Structures are given as C-alpha cells and as structure tokens.
Amino acid sequence: MGELMHEALPPIPTHGGQVQEIMRYFPDAPRPFVDLSTGINPHRYPLTLPSPDIFARLPEADEEDDLRAAAAIAYGAADPAMVVSAPGSQSLISLLPRLVTASRACIWEPTYSGHATAWQQSGVEVQPVSDWRSFERQSVQRGTVCILCNPNNPDGRLLPAAQLRNLADRCASYGNYLVVDEAFADFHEETLVPALPHPALIVLRSFGKIYGLPGLRLGFLLASPDFAERARQFVGAWPVGSLALSVGREALRDREWLQQAHHIASSAKRRLVGILEQAYLQHEGQVSLFTLVITEDAAKLWTHLCRHGIVTRIFNAHHDRLRIGLPGGEEEWARLEQALYMWRDRS
C-alpha cells in the first residue's frame with residue numbers, strides 16, 4: 001500500500017462520510033472504497049420510487065400531515081400534532097437555539113458535535129459534562145437546556161427511558177428543557193417519545209440513518225403540541241420535499257421491514273464484535289449500527305484501514321477512539337477482517 005502524501009494525518013471531516021476527500025491521501029488504496037465512517041444502516045429500505053410527476057408540483061399539505069401521522073405511530077407519539085418534519089434532524093438541531101430560550105447549554109460529551117456547534121453559533125455558553133451526576137446537577141441551574149444523545153454517538157451509551165423521564169421532570173421544575181437526540185433509537189426500546197406531551201421534553205429522530213437513506217434528508221422533532229406548532233412556524237412552508245414525503249410515509253409504516261432490519265443489524269454487530277475481539281481490540285457500545293474501538297493507536301489504525309480502502313471515523317478531540325460501522329456485503333466484511341487481522345499480526 002502507498003504511503004500518505006503528507007506525514008501528518010489528512011484533514012479530518014467534521015462528520016462521517018466525505019470518503020472521496022479522505023481517500024485522495026491514499027492513492028494506492030484498493031477500490032471500491034468501503035465507507036464504515038457514518039453508522040448508517042448499510043442495508044437501505046427498498047423504496048418504491050414515485051412517478052416523476054410529483055416533482056412538477058408543490059407538496060400538498062395533506063401529504064405532510066400524513067407523513068407526520070406515520071411518524072407519530074412509528075415513534076410512539078399519541079398525537080401527530082406533536083410531530084415536526086424537516087429536511088434532516090441536523091436542520092432541527094440548528095433551529096433549537098431559536099426555539100428554546102436558554103443562557104447555557106449543558107451537553108453530555110463526547111457526542112455528536114452538531115449540538116455544541118448550534119448553540120455556540122447562537123452565542124449561548126456551552127457547558128460540557130462527561131458523567132451523569134454532573135449532567136443532573138446542571139439540570140437544576142435555571143436557564144439551562146440539557147442535551148444528550150440516547151443511544152449516544154460515538155460511544156453507544158444507552159440510558160433507561162425511566163431515568164431520563166425523571167430528569168425531564170426535574171428540568172420542568174426549574175423551567176428548563178431536556179433535548180434527547182434519538183437518532184439511533186429505532187432499534188432500541190429506550191425512547192422518551194411516549195412521555196410526550198411534557199413541558200420540558202424535546203425529542204429528535206433521524207429517518208435516514210436507520211432506513212439507510214441519508215441522502216433523502218428527513219428528520220423529526222417531537223414535543224408538546226404548542227412547542228411543535230411554534231417549531232413548524234419557524235421551519236416554514238414545504239419543509240419536506242416530495243420524494244421524502246412519499247418514501248417516508250411508505251417506510252415508516254413498514255414495521256415488518258424495521259423488525260427484519262433490526263435482526264440483520266444485531267447479527268452484523270455480533271459479527272463485528274467477534275472480528276474486533278479476534279484482532280485483540282477493545283470496544284464498547286450498545287448501538288447495533290456501530291462500535292467504538294478504544295486504542296492508543298487509533299490514528300495508526302485509522303491510517304492502516306484507509307490504506308486498505310476502508311474509511312472509519314476518527315476524532316480530532318479524542319485520539320484514542322475509532323468508530324466502525326457495519327459492512328454492507330461479504331466483500332466488505334472480508335476486506336475489513338483481513339485488514340484487522342493484518343493489524344493484529346503486524347509485529
């Protein structure tokens with residue numbers, strides 16, 4: 001395999017993906033490249049493409065209403081009035097500082113960096129914490145919005161819904177908010193959505209990660225009807241394109257596919273864990289779609305995998321961590337397994 005064009009690591013993208021950008025630094029790596037950097041389900045939903053005629057008109061209001069109704073049922077919300085649809089959950093994360101009045105954003109880190117960025121860009125102080133006790137203490141400081149991902153990205157931490165419901169009650173007592181990003185929750189039972197409506201609780205859900213269709217750009221915010229209505233006013237007219245409306249309504253109602261996808265992902269996760277253990281690599285996380293590897297040689301391992309045409313997720317702020325998603329086919333599994341065993345046997 002070829003050496004890096006530069007001695008240092010190439011610039012690391014803020015988020016997963018951007019495979020072509022990264023692999024410019026590894027010109028001799030085998031193709032096609034394997035993207036394991038995102039944690040997105042590699043087995044996409046078998047969507048039915050609608051007639052091209054839908055692109056020749058604006059989306060209808062009843063189509064969005066039907067999408068929100070499908071999302072309410074899929075996520076366990078009692079009323080579609082509590083659902084806000086948008087072009088991806090990232091757009092909703094960026095919108096939250098305009099919807100929630102707070103002087104401080106307490107974020108349980110490490111986690112998805114988009115949350116801190118959104119509040120910092122709005123001029124709100126970000127208070128990072130790294131343990132439950134600190135997070136709980138911040139929840140009683142007035143003017144605070146508490147934010148966490150459950151399951152968490154990138155370490156796969158999963159907290160019980162009852163524990164978070166109690167925290168939401170505590171936030172409400174002090175006039176604060178709790179934002180729970182459930183981007184990877186579809187394969188897990190620990191969801192806060194059934195607790196809605198709740199005066200302090202805001203839940204985010206991502207469609208593309210679980211259904212393997214991130215390019216569709218579809219996400220949801222769930223909150224009390226009053227808060228949701230205010231959010232819809234900020235999002236504006238026609239927030240979701242015709243294709244996402246059509247595919248989202250179909251997929252969210254297909255519970256059989258979701259159950260099968262969960263089974264496939266769980267089996268694949270066990271396979272990935274087995275390979276990592278055979279390679280003597282420490283790992284953690286309860287999420288089906290990715291695993292976090294803990295090693296002091298994370299940067300070297302990331303480079304090693306890139307040289308084998310495999311892109312994983314490395315973090316500028318955490319030099320001992322490497323997130324690995326699920327391969328999508330036997331050729332990808334074989335390449336990953338071979339690369340990890342070569343890493344194990346390198347000395």
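What you see is a predicted model; the values in this text were computed from it and never measured.

So, how was this worked out
- Residues numbered from 1 in each chain as written.
- Predicted model: local features only at pLDDT ≥ 70, side-chain atom pairs only at ≥ 80, totals over all residues.
- Heavy atoms only, no water.
- Helix = DSSP H or I, 4+ residues; strand = E, 2+ residues; numbered from the N terminus.
- Buried < 20%, exposed > 50% of the residue type's maximum accessible area, 1.4 Å probe, protein only.
- Contact = heavy atoms within 4.5 Å.
- Areas by Shrake-Rupley, 256 points an atom, 1.4 Å probe, with all protein chains shown as cover.
- Salt bridge = Lys/Arg side-chain N within 4 Å of Asp/Glu carboxyl O.
- Phe/Tyr/Trp six-rings, centres within 6.5 Å; stacked < 30°, edge-to-face > 60°.
- pLDDT = per-residue confidence, 0-100.
- Pairing = 2+ DSSP bridges.
- Axes fitted to C-alpha atoms, helices over the stretch in contact; angles between N-to-C directions.

1. Re the overall build of the protein chain
Broken down by element type, the protein chain carries 12 helices and 13 strands. Here the C-alpha coordinates of the protein chain stretch approximately 60 × 55 × 35 Å along the principal axes. Across the 347 residues that make up the protein chain, the buried fraction comes to 55%. Taking the intrachain contacts of the protein chain between residues at least 6 apart in sequence as the baseline, contacts between residues at least 24 apart amount to 70%. Of the accessible surface of the protein chain, which amounts to about 15,500 Å², a share of 48% is contributed by carbon and sulfur atoms.

2. Some thoughts on helix 11 (residues 298-307)
Extensive coverage of helix 11 is indicated by the burial of 7 of its 10 residues. Listing the buried residues of helix 11 in full gives Ala 298, Leu 301, Trp 302, Thr 303, His 304, Leu 305 and Cys 306. Looking at the buried residues of helix 11, the elements they touch are helix 1 (19-23), strand 10 (290-294), strand 11 (310-311), strand 12 (313-315), strand 13 (318-325) and helix 12 (330-344). Count one or two residues on from helix 11 and you reach Gly 309, which has phi positive near 75°.

3. Concerning the pattern of salt bridges
For the coordinates displayed, the defined rule picks out 13 salt bridges. When the shortest N-O distance is used, the salt bridge between Glu 136 and Arg 170 registers 3.2 Å. Separated by 34 residues along the polypeptide, Glu 136 in helix 5 (residues 132-138) and Arg 170 in helix 6 (residues 161-173) bring together distant segments of the chain. Its relative accessible area of 34% is what places Arg 170 among the partly exposed residues. Between Glu 330 and Arg 271 there is a salt bridge; the shortest N-O distance is 3.0 Å.

4. Some thoughts on the packing of aromatic side chains
This structure, assessed with the given rule, holds 11 aromatic pairs. Seen in terms of ring centroids, Trp 132 and Phe 135 are 6.2 Å apart; in terms of plane orientation they differ by 45°. Their pairing is tilted. Separated by 3 residues within a single helix, Trp 132 and Phe 135 lie in helix 5, roughly one turn from each other. Looking at Trp 132, the relative accessible area reads 19%, which means it is buried. Phe 135 sits in the buried class, given a relative accessible area of 0%. Their ring planes at 10° and their centres at 4.5 Å tell us that Phe 207 and Tyr 211 sit as a pair that is stacked. Like Phe 207, the residue Tyr 211 is buried in the burial classification. Through a chain of ring-to-ring contacts, three or more aromatic side chains come together here, namely Tyr 45, Phe 207, Tyr 211 and Trp 257.

5. A closer look at the confidence of the model for the protein chain
Summarising the model, the protein chain shows a mean pLDDT of 94, and 97% of its residues fall at 70 or more. Contacts from residues 1-7, a stretch scored under 50 in pLDDT, to residues over four places away or in other chains number 18 contacts.

6. Re the sheet that holds strand 3 (residues 104-108)
The 7 strands lie next to each other as 2-8-7-6-5-3-4, forming an open sheet whose pairing is mixed. If you trace the sheet from one side to the other, it starts and ends with strand 2 (83-86) and strand 4 (125-129), each paired once. Strand-to-strand twist across the sheet, computed as the mean angle between neighbouring axes with direction ignored, equals 20°. Where strand 7 (residues 201-206) meets strand 8 (residues 219-222), 4 bridges bridge the pair, whose relative direction is antiparallel. Bridged to Arg 205 within strand 8 is Phe 220. Where helix 2 (residues 61-75) meets the sheet, its contacts fall on strand 2, strand 7 and strand 8, and the angle it forms with strand 2 comes to roughly 115°. Most of the contacts of helix 8 (residues 225-235) go to strand 2, to which it runs at about 20°, and overall it touches strand 2, strand 6 (177-181), strand 7 and strand 8.

7. Describing unusual backbone geometry
Omega for the peptide link from Arg 31 to Pro 32 comes to 0°, which places this bond in the cis form. Along the polypeptide, Pro 32 turns up in the loop between helix 1 and strand 1 (34-35). In this structure, the amide linkage connecting Glu 109 to the following residue, Pro 110, adopts the cis form with an omega of 0°. Looking at where Pro 110 falls in the secondary structure, it is placed in the loop between strand 3 and helix 4 (113-121). Of note, the phi angle at Arg 217 is positive, near 60°, even though the residue is not glycine. Its location among the elements puts Arg 217 in the loop between helix 7 (208-211) and strand 8. In this model, Tyr 280 sits at a positive phi of 60°, which is unusual for a non-glycine residue. Mapped onto the elements, Tyr 280 comes out in the loop between helix 10 (255-278) and strand 9 (282-284).

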